[in-house]
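Coordinates in review
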Amino acid sequence: MRKSRLSQPVQNKLIELFVAGATARTAAELAGVNKNTAAYYFHRLRLLIFHRCEHLEMFDGEVEADESYFGGCRKGKRGRGAAGKVVVFGLLKRNGKVYTVTVANTQSATLLPIIREKVRLDSVVYTDCHSAYNVLDVSEFNHLRINHRTCFADRQNYINGIENFWSQAKRHLRKFNGIPKKHFELYLKECEWRFNNDEMKSQIAMLKQMVKDSLTSYLGQSQKILGLFAANIAGTDIGNGCAPDIVAYPNGKSPATTQCGTQSAVDNELTKPLKGEL
């Protein structure tokens, strides 16, 4: 994240409102900024969460697996097979954290590799009776099913934990009255991050640290790029005090090349360099 033009108190206010779940329009009114500014800042926070979301360790013990469909209310079929929905697969370690990922479909060939990647062998995996989970019966996991047509919990056999996450995520996303499909994964990882870090004070501290770290990283990369640019310039005609080899054209045409001791394109008034280019 590059340095923001917003003052630090305003940024802190926006971070607090973001954690509180306020929309960009509401946050803009409370923080005294334009709604587009608040929306862009919130987008940058979601990008930080998405890229810096902790790489969760593999789940073990008791793990719940389920899939859900995200999208607006439409006529026609609901649930599995509904048209125009985004399919999300989730894993939740009981009394632990959740992991979510968007998938193309809910077939065994799609879901099983994800389970094997995120769940340790010999763990207990709880699912519903979806046919895609049949393969778990002959896998390296201990598989237990719950038939939702008869009951939702049978002692320790249930998937209410992951169902609770789906409910929280959809309740949070509903307040935005629709989100761009290309940004859905940002909002999904935000919901995952909120669930895995449920204390608001901890969320505020984490976001402030993310912003600080990203700014430090951005400045470091900028200085490195400038250093490489200066090193390259030192060995060119520009560094030797001669006419530049490349002059930027306002009209976008190919640059003229000059050699030491010859009249440059600028002297010929054929072109003028763009401000800040030389």
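A quick note: this is a predicted structure, and the numbers were derived from the prediction, not measured. (Residues numbered from 1 in each chain as written. Predicted model: local features only at pLDDT ≥ 70, side-chain atom pairs only at ≥ 80, totals over all residues. Heavy atoms only, no water.)

1. Topic: the pattern of salt bridges
By the definition in use, this model includes eight salt bridges. Across the pair R94 and E62 runs a salt bridge, and its minimum N-O distance is 3.9 Å. With a gap of 32 residues between them, R94 in the loop between β2 (86-93) and β3 (98-103) and E62 in strand β1 (residues 62-70) connect regions that are remote in the sequence. Look at R94 and you get buried, because its relative accessible area is 10%. E62 gets classed as partly exposed once you look at its relative accessible area, which sits at 28%. Residue D137 pairs with R145 through a salt bridge whose shortest N-O separation is 3.3 Å. We classify R145 as partly exposed; its relative accessible area is 24%. Residues participating in the shared-partner salt-bridge network are R46, E190 and R194. (Salt bridge = Lys/Arg side-chain N within 4 Å of Asp/Glu carboxyl O. Helix = DSSP H or I, 4+ residues; strand = E, 2+ residues; numbered from the N terminus. Buried < 20%, exposed > 50% of the residue type's maximum accessible area, 1.4 Å probe, protein only.)

2. So, the nonpolar core
If you look at the biggest cluster of nonpolar residues, it comprises 23 residues, and the most contacted ones within it are L14, I15, V33, F42, L45 and L207. Contributing elements (two or more residues each) for this core: α1 (8-19), α2 (24-31), α3 (35-52) and α7 (200-234). By size, the runner-up hydrophobic cluster in this structure holds 20 residues, among which are V87, L111, L112 and A132. (Core = buried A, V, L, I, M, F, W, Y, C linked by side-chain atoms within 4.5 Å.)

3. Quick look at helix α5 (residues 160-174)
Look at α5: 21 Å from first C-alpha to last across 15 residues, which is about the 21 Å you get at 1.5 Å a residue. Every buried residue of α5 is listed here: G161, I162, F165, W166, A169, H172 and L173. Take α5 and look down its axis: the buried residues cluster within an arc of 145°, on one side only. Residues of α5 that are buried sit in contact with β1, β2, β3 and α6 (184-196). (Expected span 1.5 Å × (residues − 1). Arc of directions from axis to C-beta. Contact = heavy atoms within 4.5 Å.)

4. So, the sheet that holds strand β4 (residues 124-127)
Across the sheet, five strands lie side by side as β3-β2-β1-β4-β5; this open sheet has mixed pairing. Here the strands that pair on one side only, and so sit at the sheet edges, are β3 and β5 (142-145). This sheet shows a mean twist of 25° between the axes of neighbouring strands, independent of strand direction. As paired strands, β2 and β3 are joined by six bridges and run antiparallel to one another. Paired with L92 across the strands is V98, a residue of β3. Lying on the sheet, α6 is in contact with β1, β2 and β3; it crosses β3 at an angle near 165°. (Pairing = 2+ DSSP bridges. Axes fitted to C-alpha atoms, helices over the stretch in contact; angles between N-to-C directions.)

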